[in-house]
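# Chains, contacts and geometry: an overview
Here's the letter readout for the chains.
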Amino acid sequence: LAKTTQPISMDSYEGQEVNITCSHNNIATNDYITWYQQFPSQGPRFIIQGYKTKVTNEVASLFIPADRKSSTLSLPRVSLSDTAVYYCLVAALDSNYQLIWGAGTKLIIKP
Amino acid sequence: DVKVTQSSRYLVKRTGEKVFLECVQDMDHENMFWYRQDPGLGLRLIYFSYDVKMKEKGDIPEGYSVSREKKERFSLILESASTNQTSMYLCASSSLAGVYEQYFGPGTRLTVT
């Protein structure tokens, strides 16, 4: 069963690129990797998902190496409003509905 | 935009009370989920449902039950609330094939005294 591990907290400065890594050593063939963002007093919000290599959208990039045992969420040129908790999720797209959430990384952006 | 609403933002109940938490989604999603969120523990799945009247246990179902009588509505029931069920409860929904892309409600902060 996949277990996800991510750093408890990170901080950075406005304008920097931030990379948050999640390790999932026992990821299965059918598992997808997803990242969510959560602000205080709100539910998590989907950011990006991928299976392998690199995925980019208007908000972030997701890098997944060939062995898929880790993934890195990359936030370009962060601003104060990116201060939030970021969760990785490893989920199987089959009837088993295995959902393995990381404990979250609290990202603090400083001016 | 997908909208997931939860019946209360804050709830205070006494030990032993029966508690109902309601969740409604407006996107005709097949899947619905109930999580609890505690500091340092992230999100833990309590129950999920992939169809009306269908339910599956998640990682921590003890002390909870669920009901899904209509596709848009998923209820979490605490039969006899205890102080260790004080937590943030989050409801989510997704399409059948999009289990990794879940849409969350704002959460209900439940305090059991």
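You'll find the structure just up there.
Criteria and cut-off values
Residues numbered from 1 in each chain as written. Chains lettered and ligands numbered in written order. Predicted model: local features only at pLDDT ≥ 70, side-chain atom pairs only at ≥ 80, totals over all residues. Heavy atoms only, no water. Helix = DSSP H or I, 4+ residues; strand = E, 2+ residues; numbered from the N terminus. Buried < 20%, exposed > 50% of the residue type's maximum accessible area, 1.4 Å probe, protein only. Lys, Arg positive; Asp, Glu negative; His and termini not counted. Charge placed at Lys NZ, Arg CZ, Asp CG, Glu CD. Core = buried A, V, L, I, M, F, W, Y, C linked by side-chain atoms within 4.5 Å. Contact = heavy atoms within 4.5 Å. Buried area = accessible area lost by both parts, 1.4 Å probe. Salt bridge = Lys/Arg side-chain N within 4 Å of Asp/Glu carboxyl O. Polar contact = N/O pair within 3.5 Å; in protein donor to acceptor, adjacent residues only side chain to side chain. Phe/Tyr/Trp six-rings, centres within 6.5 Å; stacked < 30°, edge-to-face > 60°. Lys NZ or Arg CZ within 6 Å of the ring centre and 35° of its normal. Disulfide = S-S within 2.5 Å.

The next thing to look at is the overall build of chain A. Summing up its helical and strand segments, chain A has zero helices and 10 strands in all. Within chain A, the fraction of its 111 residues that count as buried is 45%. With 9 positive and 8 negative side-chain charges, chain A shows a spacing of 3 Å between the two charge centroids.

A word on the nonpolar core. Counting 21 residues, the largest nonpolar core has Val18, Trp35, Leu73, Leu75 and Tyr86 of chain A as the members making the most contacts within it. Elements supplying a minimum of two residues to this core: strand E2 (18–23), strand E3 (31–38), strand E4 (45–50), strand E6 (61–64), strand E7 (70–75), strand E8 (84–92) and strand E10 (105–110) of chain A. Take this core: its biggest share by element is four residues, from E8 of chain A. One finds Val66, Phe74, Leu78 and Tyr89 of chain B within the second-largest nonpolar core, a separate group that totals 20 residues.

It is worth spelling out the interface of chain B and chain A at this point. Where interface size is given, it is often the accessible area lost as the parts come together that is meant. Taken together, the contacts link 23 residues of chain B with 20 residues of chain A. Here chain B meets chain A over a buried area of about 1,700 Å², counting both sides, of which 64% is carbon and sulfur. Sorting the residues of chain B by area buried against chain A places Leu43, Val99 and Tyr100 of chain B first, and these three jointly supply 36% of that buried surface. Summed over the shared surface of chain B and chain A, the number is zero salt bridges. Inspection of the region where chain B meets chain A yields seven residue pairs in polar contact (both at pLDDT 80 or more).

This part is about the packing of aromatic side chains. What the rule picks out here adds up to 12 aromatic pairs over all chains. Taking 5.9 Å as the distance between ring centres and 85° as the angle between the ring planes, the aromatic pair formed by Tyr36 of chain A and Phe104 of chain B counts as edge-to-face. Here Tyr36 of chain A, found in strand E3, pairs with Phe104 of chain B, found in strand E10 (residues 103–104), and the two come from separate chains. The same class applies to Tyr36 of chain A and to Phe104 of chain B, which are both buried. Ring plane angle 35° and centroid distance 6.1 Å describe the contact between Phe33 of chain B and Phe48 of chain B, whose orientation is recorded as tilted. Placement of Phe33 of chain B in strand E4 (residues 31–38) and of Phe48 of chain B in strand E5 (residues 42–49) is noted, with a sequence separation of 15 residues between them. On the basis of relative accessible area, Phe33 of chain B is assigned to the buried category, the value being 0%. Aromatic ring contacts, followed pair by pair, group Tyr36, Phe46, Tyr87 and Trp101 of chain A together with Phe33, Tyr35, Phe48 and Phe104 of chain B into a single cluster. For the cation-ring pair, Arg68 of chain A lies above Tyr51 of chain A, with the distance from its terminal atom to the ring centre recorded as 3.9 Å.

To continue, consider the state of the cysteines. In this structure the tally under the stated criterion is two disulfides over all chains. Here Cys22 of chain A engages in a disulfide with Cys88 of chain A; their sulfurs sit 2.0 Å apart. Disulfide Cys22 of chain A-Cys88 of chain A: torsion about the S-S bond near 40°, hence right-handed. Taken together, the residues span a long stretch of sequence, with Cys22 of chain A in strand E2 and Cys88 of chain A in strand E8 at a distance of 66 residues. Take Cys22 of chain A: its relative accessible area is 0%, and that puts it in the buried class. Using a relative accessible area of 0% as the deciding quantity, one classes Cys88 of chain A as buried. Residue Cys23 of chain B pairs covalently with Cys91 of chain B via a disulfide, S to S 1.9 Å. Taking the sign of the S-S torsion, about -75° here, the bridge from Cys23 of chain B to Cys91 of chain B comes out left-handed. Residue Cys23 of chain B is located in strand E3 (residues 19–25), and its partner Cys91 of chain B is located in strand E9 (residues 87–94); the two are separated by 68 residues in the primary sequence. The pair formed by Cys23 of chain B and Cys91 of chain B is uniform in burial state, with each residue classed as buried.

Counting through the fold element by element, Asn84 of chain B comes out in the loop between strand E8 (73–78) and E9. There is a polar contact of 2.5 Å between the side chain of Asn84 of chain B and the side chain of Ser82 of chain B.

Everything listed is a geometric property; what it means functionally is a separate question.
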